[in-house]
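Here's the letter readout for the chains.
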Amino acid sequence: LTIVRGPAQTIAAKDEATLEWTLEEMGGHPIAEAGVEVRSDERADGRVLIERLTWDGVPQLAFPKPEDGSSLYRRAWVQACDHFDSWNPDRPYRIMQNSGPGLLIQGTREWQDYEARASVTPALAHRGGIAVCVQGLKRWVALLLCDDGKLRLVKALDGERVLAEADFPWSLDQTYDLSLSTHGGHFVAKVAGKTVVEATDTDRPLESGALALLVDTGRLDVGNVSVGPA
């Protein structure tokens, strides 16, 4: 473990303060623990009372493979797919699912109003892409390259429903820069920075949740995964 310290603040006896810290990029390394450190230049007896420790705000970070070769970044992802390999620094996420949808999940239920981005290289698969507002294995909204030459915006909640679709004759082993943003039930899907489909969901909309890489019955190679404000 490596300690990364935030800004320090001096607090006199009986004073109170609010400590805030916007975390910087960690080079792909996951955060294992968070806490408060108390220091003094000379001996000082006493105590510090912490009322609460929490986090909020829109996530803004990338998920590269760490340059030092560490594999601990894999543990920060929830593996809900049959296989997860990291074979290439440019495509550190290779996910495979033998049957049905498989997900590789990163984030928390509190994430909202954000945009997920990834470079996706589909192999033989029924469909694959990226998902946002992931609240479980069957609760998500995904932008998917489908094997019938369509690009679909699909919502999973008590079954699946297509929110929008467009013709998109993609090719095997070709890389596509996908992005999907969520803002209060409105979803905008882009390929190479150009809006392809968008939709507003008013039927029990999923408005927050983690991001995921999704593949259905096949293999998907993914790189340049990041998340930022919508």
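Preceding block: the structure.
All values reported here derive from a predicted model rather than from experimental measurement. In this numbering scheme, every chain counts its residues from 1 along its sequence in written order. A pLDDT threshold of at least 70 governs which residues receive local features in this predicted model, and a stricter bar of 80 or more applies before side-chain atom pairs are shown or counted, although totals over entire chains, interfaces and linings include all residues. Side-chain descriptors were evaluated using all non-hydrogen atoms of the structure, hydrogens and water having been removed beforehand.

(A) Expanded view of the overall build of the protein. Along the protein, the regular secondary structure elements total zero helices and 12 strands. Here a strand is any run of E in DSSP of at least two residues, a helix any run of H or I of at least four, and the numbering for each starts at the N terminus. Listed N to C, the secondary structure of the protein is β-β-β-β-β-β-β-β-β-β-β-β in terms of helices and strands. Sorting the 230 residues of the protein into buried and exposed places 40% on the buried side. In what follows, residue pairs with any heavy atoms lying within 4.5 Å of each other are defined as contacts. At a minimum sequence separation of 6, the contacts of the protein that also span at least 24 residues come to 63%. All accessible areas in this document rest on Shrake-Rupley with a 1.4 Å probe, and a residue is counted as covered only by the protein chains that are shown. Split by element, the accessible area of the protein, about 14100 Å² in all, is 47% carbon and sulfur. Lys and Arg are tallied as positive, Asp and Glu as negative. Neither His nor the chain termini are counted. A charged residue contributes its charge at one atom only: NZ of Lys, CZ of Arg, CG of Asp or CD of Glu. In the protein, 24 positive and 34 negative side-chain charges are present, and the distance between their average locations comes to 3 Å. Here's how the labels work: a residue is buried when its accessible area is under 20% of the maximum for its type, exposed when over 50%, partly exposed in between, all with a 1.4 Å probe on protein chains only.

(B) Representation of the pairing of strand β8 (residues 160-167). As defined by bridge partners, strand β7 (residues 150-156) adjoins β8 across seven bridges and the pair is classed as antiparallel. Considered in β8, the bridge of L151 is made with A166. If you look at the hairpin formed by β7 and β8, you'll find three residues sitting between the two strands, and D158 has a positive phi there, around 55 degrees. Pairing between strands is defined by DSSP: at least two bridges between the two strands are required.

(C) Seen up close, the pairing of strand β9 (residues 176-183). Most of β9 sits out of view: six of its eight residues are buried. As paired strands, strand β5 (residues 114-136) and β9 are joined by six bridges and run antiparallel to one another. Along β9, the bridge assignment pairs A118 with L178. For β9 and strand β10 (residues 186-191), the ladder comprises six bridges, and the chain directions are antiparallel. Counted as the bridge partner of L178 is V191 from β10. Where β9 folds back on β10, the antiparallel hairpin that results is connected by two residues, among which G184 adopts a positive phi of roughly 60 degrees.

(D) Inspection of the side chain of S70 at higher detail. Following the sequence through the fold, S70 ends up in the loop between β1 (61-62) and β2 (78-80). Residue classification places S70 among the buried residues on the basis of a relative accessible area of 17%. A distance of 3.2 Å separates a polar side-chain atom of S70 from the backbone nitrogen of L72. Pairing of N or O atoms within 3.5 Å defines a polar contact, subject to two protein rules: one partner must be a possible hydrogen donor and the other a possible acceptor, and residues neighboring in sequence count only if both atoms are side-chain atoms.

(E) A look at the side chain of T121. Structurally, T121 is set in strand β5. If near-sequence neighbours (up to four positions away) are discounted, T121 is found in contact with R91, D173, Q174, T175, L220 and D221.

(F) How the structure looks around a nonpolar patch on the surface. The patches described consist of residues with a relative accessible area above 30% and no salt bridge, like charges being joined within 9 Å and nonpolar side chains (Val, Leu, Ile, Met, Phe, Trp, Tyr) within 5 Å. A side-chain nitrogen of Lys or Arg and a carboxyl oxygen of Asp or Glu constitute a salt bridge if their distance falls within 4 Å. On the surface, I11, L19, V36, V38, V48, I50 and L53 cluster together to form a nonpolar patch covering roughly 670 Å² of accessible area. With respect to the helices, strands and loops of the structure, I11 is situated in the segment before β1.

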